[in-house]
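Residue-level structural notes
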Amino acid sequence: VFLPRQGLFRMTDATIQPVYVLVGSDGFLLDAYRREIVETVLAGADPQTSLASYEATAELAAVLDALRTLPFLAPRRLVMIRDADAFVSAHREALEDYLQSPVATASLVLMVSSFPKNTRLAKLVAKVGTIYECKAPDVQKLDGWLAKSAGKRGKKIAPDASQLLAQWVGSDLAQLDQEIEKLSLFVDPGDTITLEAVGRVVSAGGAAEAFALPNALTVGNAGQALTALGAM
């Protein structure tokens with residue numbers, strides 16, 4: 001399930017976990033989940049005093065000390081490790097031991113490019129925490145994501161409008177979110193985002209390719225025409 005940007009999914013105090021793993025390389029999704037976790041876990045507390053951020057080269061002892069330090073003017077502490085693949089590989093057993101009995105006053109966030117589900121660590125995280133997949137869906141599977149993004153703004157999007165938007169923009173979630181924002185402001189409150197609205201508001205990233213076939217036919221270039229037809 002892809003639920004990017006603040007507000008598209010909601011956590012409650014009951015769902016705050018001792019560990020979160022963000023898996024993937026989509027910057028939009030990584031940032032969206034990171035911001036949502038920070039907002040929810042810290043509940044408005046100052047990140048300067050309640051958030052500790054580390055890189056993959058962090059010492060295990062420093063990370064564990066940060067997790068075990070009592071929060072100051074915050075309900076919990078948040079410890080985040082970016083690009084954590086090397087850290088996880090180097091300290092897998094120690095992380096497994098920690099998750100057997102995590103501290104109740106802190107949450108750990110691991111941002112990794114891969115996290116095989118068949119490992120003992122992944123199974124422990126799935127048991128006591130949450131794993132978020134941060135990989136953009138295929139263009140053919142964007143309908144649900146676009147519907148959620150429009151719904152967050154109190155709008156619906158017609159299936160043909162959703163398909164055209166995906167074709168023109170592709171699977172760049174940041175750009176798609178911006179286009180949905182513009183479309184939501186363009187249509188009247190409570191209205192549905194239509195095919196016509198997409199045509200009037202959105203600039204097609206593939207516009208040049210869309211005219212490649214007629215242009216090739218106009219100049220009588222059979223080779224270019226066949227190439228353009230294949231691309232379509």
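Before reading on, note that the structure itself is shown above.
Residues numbered from 1 in each chain as written. Predicted model: local features only at pLDDT ≥ 70, side-chain atom pairs only at ≥ 80, totals over all residues. Heavy atoms only, no water.

Right, let's talk about the overall build of the protein for a bit. Each helix and strand counted, the protein has 13 helices and seven strands in total. Looking at the protein as a whole, 44% of its 232 residues qualify as buried. The contacts of the protein with a sequence gap of at least 6 include a subset with a gap of at least 24, amounting to 77%. Surface summary for the protein: the accessible area is close to 12,300 Å², and the carbon and sulfur share equals 54%. (Helix = DSSP H or I, 4+ residues; strand = E, 2+ residues; numbered from the N terminus. Buried < 20%, exposed > 50% of the residue type's maximum accessible area, 1.4 Å probe, protein only. Contact = heavy atoms within 4.5 Å. Areas by Shrake-Rupley, 256 points an atom, 1.4 Å probe, with all protein chains shown as cover.)

Here the structure, examined in full by the defined rule, presents six salt bridges. Residues Arg153 and Asp177 are paired through a salt bridge, measuring 3.2 Å at the closest nitrogen-oxygen approach. In this pair, Arg153 sits in the loop between helix 7 (143-152) and strand 6 (156-157) while Asp177 sits in helix 9 (residues 173-186), placing the two residues 24 residues apart along the sequence. Judged by relative accessible area, Asp177 falls into the buried class, the value being 2%. Measuring nitrogen to oxygen at the nearest pair gives 2.4 Å for the salt bridge that ties Arg153 to Glu181. Here Glu181 lies in helix 9 and Arg153 lies in the loop between helix 7 and strand 6, a separation of 28 residues in the sequence. Classification of Arg153 by relative accessible area gives buried; the value is 16%. Three or more residues are tied together by salt bridges with common partners; here these are Asp31, Arg34 and Arg35. (Salt bridge = Lys/Arg side-chain N within 4 Å of Asp/Glu carboxyl O.)

Spatial strand order, 2-3-4-1-5: five strands in an open sheet with parallel pairing. In this open sheet, the two edge strands, each paired with only one partner strand, are strand 2 (51-54) and strand 5 (130-133). Strand after strand, the sheet turns through a mean of 15 degrees between neighbouring axes, direction not considered. Bridge count for strand 2 against strand 3 (residues 77-81) is four bridges, and the pairing is parallel. Paired with Ala52 across the two strands is Val79, which belongs to strand 3. Lying on the sheet, helix 6 (residues 120-128) is in contact with strand 1 (19-23) and strand 5; it crosses strand 5 at an angle near 105 degrees. (Pairing = 2+ DSSP bridges. Axes fitted to C-alpha atoms, helices over the stretch in contact; angles between N-to-C directions.)

Before going further, it helps to spend a moment on the side chain of Ser107. Take Ser107: it is sitting in strand 4 (residues 106-112). Take Ser107: its relative accessible area is 0%, and that puts it in the buried class.

We now examine the packing of aromatic side chains. Per the stated rule, a full pass over the model turns up two aromatic pairs. For the ring pair Phe28 and Trp145, a centre distance of 6.4 Å and an interplane angle of 70 degrees mean the geometry is edge-to-face. Residue Phe28 is located in helix 1 (residues 27-42), and its partner Trp145 is located in helix 7; the two are separated by 117 residues in the primary sequence. In this structure, Phe28 and Trp145 share a single accessibility class: buried. (Phe/Tyr/Trp six-rings, centres within 6.5 Å; stacked < 30°, edge-to-face > 60°.)

Keep in mind these values describe shape, not function.
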